[in-house]
Amino acid sequence: MALDTLKDVVRKIARSSSIDKHLVDEVVKDIQRALIRADVNVRQVKEITDAIKKRALSDEPLKSLNPREHIIKIVYEELLKGVGDGLEIPLEKARIMLVGLQGSGKTTTTAKLAKYFKDRGMKTAVIAADTWRPAAYDQLKQLAESIGVGFYGEKGEKDAVKIVKRGLEELKDYDMIIIDTAGRHALEDELIKEMVEIEKVAKPDYKFLVLDAAIGQLASKQAQAFHDAIGIDGIVITKFDGTAKGGGALSAARQIQIPIAFIGSGERVDDLDRFDPAGFISRLLGMGDIKALLEKIERITQEEELDPEKFLKGEFTLKDVYKQIEAMNKMGPIRKVFEMLPLGMSMKVDDDALEMTQEKMKRFRVIMDSMTEEELLNPKIIDGSRIRRIAIGSGTSPQEVKELLKYYNTMKSLMKRMKKGRLPIKGLKMGF
Ligand code: GDP
């Protein structure tokens with residue numbers, strides 16, 4: 001099944017106003033397929049989808065998230081459980097050791113990290129301890145020179161542990177030391193043994209496992225073996241610029257519950273970024289809008305929400321209009337708020353009365369700023385002379401003040417109808 005189809009299903013949820021089991025089952029099936037196509041570990045796919053099924057129906061949806069957004073939020077959280085918080089590396093004296101299979105991008109990543117820390121003002125050096133792949137020495141030396149960081153290596157020396165020992169001695173004036181180690185084509189005892197010995201000598205503050213984004217189903221098992229041997233602190237996923245979606249590497253991180261720290265997305269030394277969870281999952285699922293959703297969630301949880309149920313509790317006043325306008329600034333037009341109403345229900349709302357441009361919103365706020373507390377709480381008292389006073393005070397016209405009052409009355413009657421249960425609220429649908 002193509003990822004496009006997943007989008008179609010998710011779109012379908014967007015159109016439905018509530019979440020039911022059938023809908024969740026349908027979308028979960030497609031998410032399952034998308035994850036497997038992206039190389040997420042099969043066992044994990046099952047765990048993740050079970051959790052999504054459970055949570056989609058039991059979690060209270062955040063106000064103003066539609067069912068689609070609600071499910072995407074859960075998918076996102078489940079996929080990144082334990083691995084998505086990134087890894088904060090303070091700019092202090094430290095040693096980083098890189099491990100991984102041959103060809104995963106260790107040497108390139110060593111140089112990229114060196115540049116990353118050098119660019120942040122740290123005195124940085126690298127140690128070439130990959131004695132398995134002879135070209136690694138020249139490759140790293142050249143890269144170090146081009147970046148302008150310190151380098152230590154011993155061409156011809158086969159004992160990586162000795163190189164690291166001498167390198168650390170030589171480079172003791174440096175703040176940040178990054179050690180490239182040997183890889184193999186597959187995990188084997190020799191490699192593990194050497195890694196463990198280097199780890200003992202180097203005493204690294206951070207041990208990064210470098211994984212190719214294209215690594216498939218075997219990734220989890222490999223990560224576990226590396227983790228068991230030396231204890232991994234962070235994952236670097238390389239070659240994210242290719243076609244691979246990185247699901248195998250994500251599974252590896254999830255397997256050992258270690259954060260993804262960096263993403264390599266090219267062959268140049270600048271092509272290294274801090275892990276961006278939203279970007280990563282967007283790509284994994286083939287959906288481009290996760291970032292926007294997360295920003296929205298952040299916005300609405302941090303700031304006051306437009307909550308019709310809250311408005312329904314008490315008398316609807318101009319103060320509530322004020323709050324609505326504030327909320328609309330954050331969430332989009334009020335028209336969208338009314339899209340939450342079941343389809344086909346005739347709204348009989350004057351179109352113009354609900355049309356709210358940014359400009360009008362600003363004018364309304366200015367007008368309300370010129371009203372007294374009493375007027376805001378009890379707009380009924382606003383007669384002709386008060387309208388004139390408010391217009392003068394706010395630098396607007398009586399016509400505009402009347403327009404605001406008309407808007408208020410329209411909203412008020414809508415709220416009343418909702419309160420009577422004639423316009424049930426099924427959850428807000430915002431323009432997302
Ligand atoms: P090592 O054996 O683990 O040290 O791997 P290398 O650092 O030599 O990388 C193997 C190959 O992958 C080289 O050709 C690198 O240029 C390439 N490579 C490493 N990282 C990336 C990346 O993020 N994107 C792309 N496109 N290529 C990469």
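Residues numbered from 1 in each chain as written. Predicted model: local features only at pLDDT ≥ 70, side-chain atom pairs only at ≥ 80, totals over all residues. Heavy atoms only, no water.

Draft legend 1. Expanded view of the overall build of the protein chain. A count of helical and extended segments in the protein chain gives 20 helices and 8 strands. Sorting the 432 residues of the protein chain into buried and exposed places 50% on the buried side. When the accessible area of the protein chain is evaluated, it comes to approximately 20,000 Å², of which 50% is carbon and sulfur surface. (Helix = DSSP H or I, 4+ residues; strand = E, 2+ residues; numbered from the N terminus. Buried < 20%, exposed > 50% of the residue type's maximum accessible area, 1.4 Å probe, protein only. Areas by Shrake-Rupley, 256 points an atom, 1.4 Å probe, with all protein chains shown as cover.)

Draft legend 2. A look at the pairing of strand S1 (residues 94-99). In terms of burial, S1 is a largely internal element, 5 of the 6 residues being buried. In terms of strand pairing, S1 meets strand S4 (residues 176-181) through 5 bridges, oriented parallel. Each residue of the ladder has a partner; that of Arg 95, found in S4, is Ile 177. Two elements, S1 and strand S5 (residues 206-212), share 4 bridges in a ladder whose sense is parallel. Each bridged residue has a counterpart across the sheet, and for Leu 98 the counterpart in S5 is Phe 208. (Pairing = 2+ DSSP bridges.)

Draft legend 3. View of the nonpolar core. Leu 35, Leu 79, Ile 235, Leu 250 and Ile 281 are the most contacted members of the largest nonpolar core, which totals 70 residues. Shared between two domains, this core takes at least three residues from each, and those domains are domain 1 (3-83 + 291-300) and domain 2 (94-274). If you look at the next biggest cluster of nonpolar residues, it comprises 28 residues, including Leu 113, Phe 117, Met 122 and Ala 261. (Core = buried A, V, L, I, M, F, W, Y, C linked by side-chain atoms within 4.5 Å. Domains from an automatic or database assignment.)

Draft legend 4. Fine view of the confidence of the model for the protein chain. Model confidence for the protein chain is summarised by a mean pLDDT of 83, while 81% of its residues fall at 70 or above. A low-confidence stretch, residues 340-350 (pLDDT under 50), is modelled with 23 contacts involving residues beyond four sequence positions or located in other chains. Confidence drops under pLDDT 50 across residues 423-432; counting only partners more than four residues distant or on other chains, this segment forms 41 contacts. (pLDDT = per-residue confidence, 0-100. Contact = heavy atoms within 4.5 Å.)

Draft legend 5. Just the site of the ligand, in detail. In the vicinity of the ligand, 18 residues are found, and the nearest of them are Gly 103, Lys 106, Thr 107, Thr 108 and Asp 241. Arg 133 places a side-chain nitrogen or oxygen 3.0 Å from an oxygen atom of the ligand. Within the side chain of Gln 139, an N or O atom sits 3.2 Å from an oxygen atom of the ligand. The dominant element in the shell around the ligand, judged by the number of residues it contributes, is helix H5 (residues 106-119), at 4 residues. Of the residues contributing to the shell around the ligand, the split by class is 1 nonpolar, 11 polar and 6 charged. (Near = heavy atom within 4 Å. Polar contact = N/O pair within 3.5 Å; in protein donor to acceptor, adjacent residues only side chain to side chain. Nonpolar A, V, L, I, M, F, W, Y, C, P; charged D, E, K, R; others polar.)

Draft legend 6. Representation of the pattern of salt bridges within the structure. This structure, assessed with the given rule, holds 28 salt bridges. With a closest N to O distance of 3.3 Å, Arg 166 and Glu 157 form a salt bridge. Assessed through its relative accessible area of 35%, Arg 166 is described here as partly exposed. We note a salt bridge from Arg 363 to Glu 400, for which the minimum N-O separation is 2.8 Å. With Arg 363 in helix H17 (residues 358-369) and Glu 400 in helix H20 (residues 398-419), the pair connects residues that are 37 residues apart, well separated along the chain. (Salt bridge = Lys/Arg side-chain N within 4 Å of Asp/Glu carboxyl O.)

Draft legend 7. Representation of the sheet that holds strand S8 (residues 272-274). On the basis of which strands lie adjacent, the open sheet formed by 8 strands has the order S3-S2-S4-S1-S5-S6-S7-S8 and mixed pairing. The two strands at the open ends of the sheet, each matched to only one other strand, are strand S3 (150-152) and S8. Averaged over all pairs of adjacent strands, the angle between strand axes in this sheet comes to 25°, irrespective of strand direction. Here H5 sits on the sheet in contact with S1, strand S2 (124-129), S4, S5, strand S6 (234-238), strand S7 (260-264) and S8, set at roughly 175° to S4. Most of the contacts of helix H10 (residues 247-256) go to S6, to which it runs at about 175°, and overall it touches S5, S6 and S7. (Axes fitted to C-alpha atoms, helices over the stretch in contact; angles between N-to-C directions.)

Draft legend 8. Broad picture of the packing of aromatic side chains. Summed over all chains, the structure comprises 8 aromatic pairs. Seen from their ring centres, Tyr 137 and Phe 151 are 5.5 Å apart, and the 75° between their planes marks the pair as edge-to-face. You can see Tyr 137 sitting in helix H6 (residues 135-147) and its partner Phe 151 sitting in strand S3, a full 14 residues away along the chain. A relative accessible area of 15% places Tyr 137 in the buried class. The partly exposed category is assigned to Phe 151, whose relative accessible area is 21%. Geometry around Tyr 116 places Arg 120 over its ring, the cationic atom sitting 3.6 Å from the centre. (Phe/Tyr/Trp six-rings, centres within 6.5 Å; stacked < 30°, edge-to-face > 60°. Lys NZ or Arg CZ within 6 Å of the ring centre and 35° of its normal.)

Draft legend 9. Main features of the environment of Ile 381. Within the secondary structure, Ile 381 is located in the loop between helix H18 (373-377) and helix H19 (384-394). The exposure class assigned to Ile 381 is partly exposed, which follows from its relative accessible area of 26%. With residues near it in sequence (within four places) discarded, Ile 381 still touches Glu 374, Glu 375 and Arg 386.

Draft legend 10. Up close: the pairing of S4. Summarising burial for S4: 6 of the 6 residues are buried, a large majority. Here S4 shows no split at all, with Met 176, Ile 178 and Asp 180 on one side and Ile 177, Ile 179 and Thr 181 on the other all buried. In this structure, S2 lies alongside S4, joined through 6 bridges in parallel fashion. Of the residues in S4, the one forming a bridge with Ala 128 is Asp 180.

Draft legend 11. Molecular detail of unusual backbone geometry. One non-glycine residue, Asp 39, adopts positive backbone phi at about 80°. Mapping Asp 39 onto the fold places it in the loop between helix H2 (21-37) and helix H3 (42-58). The exposure class assigned to Asp 39 is partly exposed, which follows from its relative accessible area of 28%. In this structure, Gln 257 takes a positive phi of about 55° despite not being glycine. Residue placement: Gln 257 occurs in the loop between H10 and S7. Relative accessible area serves as the criterion here: at 42%, Gln 257 is assigned to the partly exposed category.

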